[in-house]
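The chain contents come next:
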Amino acid sequence: MMPYGSCTVFALDKARSMQRVGVTLWSPCKASSLLQGRGVRKLHPWGSGIRTFYSHRWPAMDRHDSCRRGVSLTNHRQEGTRNPIRRHSLVSQQLICRDLSSSLSGSSLGLSQQEQEQKQNYFSSPTLDDIAQVSKLLDHETGCVISTLTDKNKNGQSESSNSSSSSLLDRYNADWTKHYMGHSRVVVRPRTTEQVARLVQYCASRRLAIVPQGGNTGLVGGSVPVHPNEIVLSLERMNQIYHVDPVTGILYCQAGCILNDLQKHCAEQANLLVPVDLGAKGSCQIGGNLATNAGGQYYYRYGSLAANLVGMQVVWPGNGTTTAQVANINFYPTDGPQVQQEQQPAKTPSMPSSFQSNLKDNTGYKLSQLMIGSEGTLGIITGVALKCSPLPRSRQAAFLACETFDQVVQLIQLAKQELGEILAALEWMDQSILQTILHSSAGPKLKLPVAIPDSSSDNKGIHNSPYPHSVLLETHGSCPEHDVEKLDRFLTKVMQQQQQESSGSPIVQDGVLAQDLTQLNDFWHIRELAGVAISELGYGYKYDLSLPVSQFWEFSHEIQQHLKQNHTGNRLVLCTNFGHVLDGNLHLNFTTPGLYQEDPELLSCLEPFVFEQVLKRGGSISAEHGIGQFKRQYLMRVHGPELLDTMRALKQVFDPVGILNPNKVLP
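Residues numbered from 1 in each chain as written. Predicted model: local features only at pLDDT ≥ 70, side-chain atom pairs only at ≥ 80, totals over all residues. Heavy atoms only, no water.

> Explain helix α20 (residues 641-654) residue by residue, including any values.
The end-to-end C-alpha distance of α20 is 20 Å, a good match for the 20 Å that 14 residues give at a rise of 1.5 Å each. Of all the positions in α20, only Leu-644, Lys-651 and Phe-654 are classed as buried. Take α20 and look down its axis: the buried residues cluster within an arc of 85°, on one side only. Across from the buried face of α20, at angles greater than 90 degrees, the exposed residues are Pro-641, Glu-642 and Val-653. Buried residues along α20 sit in contact with β11 (309-316), α10 (367-371) and α19 (635-638). (Helix = DSSP H or I, 4+ residues; strand = E, 2+ residues; numbered from the N terminus. Expected span 1.5 Å × (residues − 1). Buried < 20%, exposed > 50% of the residue type's maximum accessible area, 1.4 Å probe, protein only. Arc of directions from axis to C-beta. Contact = heavy atoms within 4.5 Å.)

Written out as structure tokens, the structure reads:
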């Protein structure tokens, strides 16, 4: 087998030190030396003494985490401070675009200073009078508006709105990665669709920009305000679960419902499974999932959110003089009054508690599909009707180890052939990401299900050295006996069958079967720690990409080799890889251990090179996390001017004043 030490990454040893093997990049301990003389072990159950560390909630962010452009959490909220080269800066977009390849020469996505000021000044800045009016539109509910706006009274003294201090705005002005920092002074928190419609109509008439925001768990800055005069519209109070139809399997809820709450409710009330599952399920909201077209680990088994969306309630702005439109797209109230737009809203808005949708509805254009992936730039999703599947009676999982990525590819092919309809998820993790997880704050509590045993006298019997490649496989079915038998046959085959065109090594070197749901969740907990562990280690450069699975490993090495040849800095750089290999979704990550601010020189080596190489291979620069602020300047490489003009025309139709999430998605 190829020595894994040839990979240009680095590894932490038990003393948390690093061993250099290259000029810029670093390499883990060579697995080949550990594998010498080791025979293939038989499949065995994981021990019964395993502890459960699975958590549904997304971990809280530490204040020392990184900022996208080097602005610390302590400093970024000081009055008047701005990140001079932050990713969402229009000026930085101009600089980045100058670095693009020659195919973009002659077309500038950046704006001049004058154009930038004109674009920002197009929108009004909210005032205390606006705050008072918005509070009235939201029925003066406690906490419906959070603001730090101040004004001068007749005596020249500063007067503030009836809201809390700036500390309350912190979590609305930064995503969980801390890479994007906003400076919005106003957050509004409606509770009903009627309130959203009133608010949107008012903002359109005043040219007040709105940034719709869900759980703020994205990676591209799509829900973070760019300019201080933008108003954050948080959907966190719109968290009502209307009902679940046990016959049709349709879930009806507001857009601000937390995904994990929906999963629990559907399982307990109707024995149903929400067809999407994400590592951020404890914080992300279903409306945000739809607005970003989130994928997740069960995409292969249950399809995309677009495929499972039945109906939607969405608010579109008017042109500033007309009423905002509330569109019930195959989402019909069955009791209570229809949504009405009133000049003088009632104190307590009426809201239907029951809705109905049809599994088949072919009455015109599917406008709801346009909202999926629009990231709040076309409309604000307020209600969702989602088709759910029966909760599987049988869930089986295995944690498998391979020596080469070619074996992983062959494992995927055999899993599809042998497991067929019960195959639900297949997650791949390389050695470096598992080592990073083991050396994270959660590492001391973890035990890898499958690892290379350390034969040294001091560590004999310890199994916590990852294989070069690990795979987490899960099946969903209705008959446990059938599924277990099918999985056993598959595992026996892959552990006995030799890799094609190899030296005789089996496809799977070792494997562990989960004995119950606790162990199954422990498997997933390891996988879901990947993003958190990277953030703990240092500043992360995260790339969510689509590629043919067979090219994952080659592509990663190509980027690493490019860095080795072009990155002149003396900082350590770690490359970690994991992904949803069943649907070709690679999560490529680079980290600078101990450095929690962005390295501009390293960034210039990675971008746009990473995206250019993806496009050369026919891949996608965004698999499941959207465009947001991060990737909008690269859309001209992906789509031609005619298609971009069509997108802009759609934006003009749904949002003629342009108040919805400006400076996102479209260049």
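On we go from here.
> Requested: an account of the packing of aromatic side chains, with residues and values cited.
Taken as a whole and assessed by the stated rule, the structure comprises 18 aromatic pairs. With 4.9 Å between their ring centres and 80° between their planes, Tyr-122 and Phe-123 make a pair best called edge-to-face. Owing to a relative accessible area of 11%, Phe-123 belongs among the buried residues under this scheme. Taking the centre distance of 5.9 Å and the plane angle of 85° together, the rings of Trp-428 and Trp-553 count as edge-to-face. Remark: Trp-553 occurs in helix α16 (residues 552-566) and Trp-428 occurs in strand β18 (residues 423-430); sequence separation between them is 125 residues. Looking at Trp-428, the relative accessible area reads 0%, which means it is buried. Accessibility expressed as a relative area gives 16% for Trp-553, which makes it buried. Aromatic ring contacts, followed pair by pair, group Tyr-242, Tyr-252, Phe-331 and Phe-355 into a single cluster. (Phe/Tyr/Trp six-rings, centres within 6.5 Å; stacked < 30°, edge-to-face > 60°.)

> Quick one: what's the story with unusual backbone geometry, residue by residue and with numbers?
Residue Pro-608 follows Glu-607 across a cis peptide bond; omega there is 10°. For Asp-139, which is not glycine, the phi torsion reads 65° and is therefore positive. Tracing the backbone through its elements, the reader meets Asp-139 in the loop between α4 (128-137) and β2 (145-147). Positive phi is not limited to glycine here, since Lys-178 has a value of about 65°. Mapped onto the elements, Lys-178 comes out in the loop between β4 (158-160) and β5 (186-188).

> Lay out the pairing of strand β6 (residues 210-213) with the relevant residues and their values.
The two faces of β6 match: Ile-210 and Pro-212 on one face and Val-211 and Gln-213 on the other face are all buried. By the bridge criterion, 4 bridges tie β6 to strand β7 (residues 231-234) in an arrangement that is parallel. When the bridges of β7 are listed, Pro-212 appears paired with Leu-233. (Pairing = 2+ DSSP bridges.)

> Describe the environment of Ser-505, and please don't skip the residues or the numbers.
Structurally, the position occupied by Ser-505 is in the loop between α13 (480-496) and β20 (510-513). With 10 residues separating them in the primary sequence, Ser-505 and Met-495 have C-alpha atoms 9.3 Å apart.

> Pulling in residues and values, what's your account of helix α11 (residues 405-419)?
One turn of the α-helix equals 3.6 residues, which is why residues spaced by three or four share an orientation. Here α11 contains 15 residues, and its C-alpha end-to-end distance of 20 Å stays within 8% of the 21 Å for a straight helix at 1.5 Å per residue. The set of residues buried in α11 consists of Phe-405, Gln-407, Val-408, Val-409, Gln-410, Leu-411, Ile-412, Leu-414, Ala-415 and Leu-419. Looking at the packing, one finds that the buried side of α11 touches β17 (394-402), β18, β19 (469-477), α13 and α16. In the stretch just after α11, Gly-420 is the one whose phi turns positive, near 55°.

> Report on the nonpolar core, specifying residues and quantitative values.
Residues Val-188 and Ile-659 are the most contacted members of the largest nonpolar core, which totals 64 residues. Top element by residues in this core is helix α5 (residues 193-206). It accounts for 7 residues. For Val-188, the residues in contact, after removing those within four places along its chain, are Val-134, Leu-138, Cys-144, Val-145, Leu-199, Ile-231, Val-232, Leu-233 and Ser-234. (Core = buried A, V, L, I, M, F, W, Y, C linked by side-chain atoms within 4.5 Å.)

> I'd love a proper account of the sheet that holds strand β8 (residues 241-244), names of residues and values included.
Ordered by their spatial adjacency, 5 strands build an open sheet running β8-β9-β15-β11-β12, and the pairing between neighbours is antiparallel. The open sheet has two free edges, formed respectively by β8 and β12 (325-329), since each of these has just one partner strand. Recorded for the sheet is a direction-independent mean angle of 10° between the axes of neighbouring strands. (Axes fitted to C-alpha atoms, helices over the stretch in contact; angles between N-to-C directions.)

> Describe the environment of Pro-449, naming the residues involved and giving the relevant values.
Summarising the element assignment, Pro-449 is placed in the loop between α12 (431-438) and β19. Taking the relative accessible area as the measure of exposure, Pro-449 reaches 7% and is therefore buried.

> Just give me the short version of the packing of α16 against helix α18 (residues 609-616), but keep the residues and values in it.
One can describe the packing of α16 onto α18 by two numbers: an axis separation of 11 Å at closest approach and a directional angle of 145°. Here the hand of the crossing between α16 and α18 comes out right-handed. Facing α16, whose interface residues are Phe-555, Glu-558, Ile-559 and His-562, α18 presents Phe-609, Val-610, Gln-613 and Val-614. Of the residues assigned to the contact of α16 with α18, the class counts are 5 nonpolar, 2 polar and 1 charged. (Left-handed = near helix turned anticlockwise from the far one by under 90°. Nonpolar A, V, L, I, M, F, W, Y, C, P; charged D, E, K, R; others polar.)

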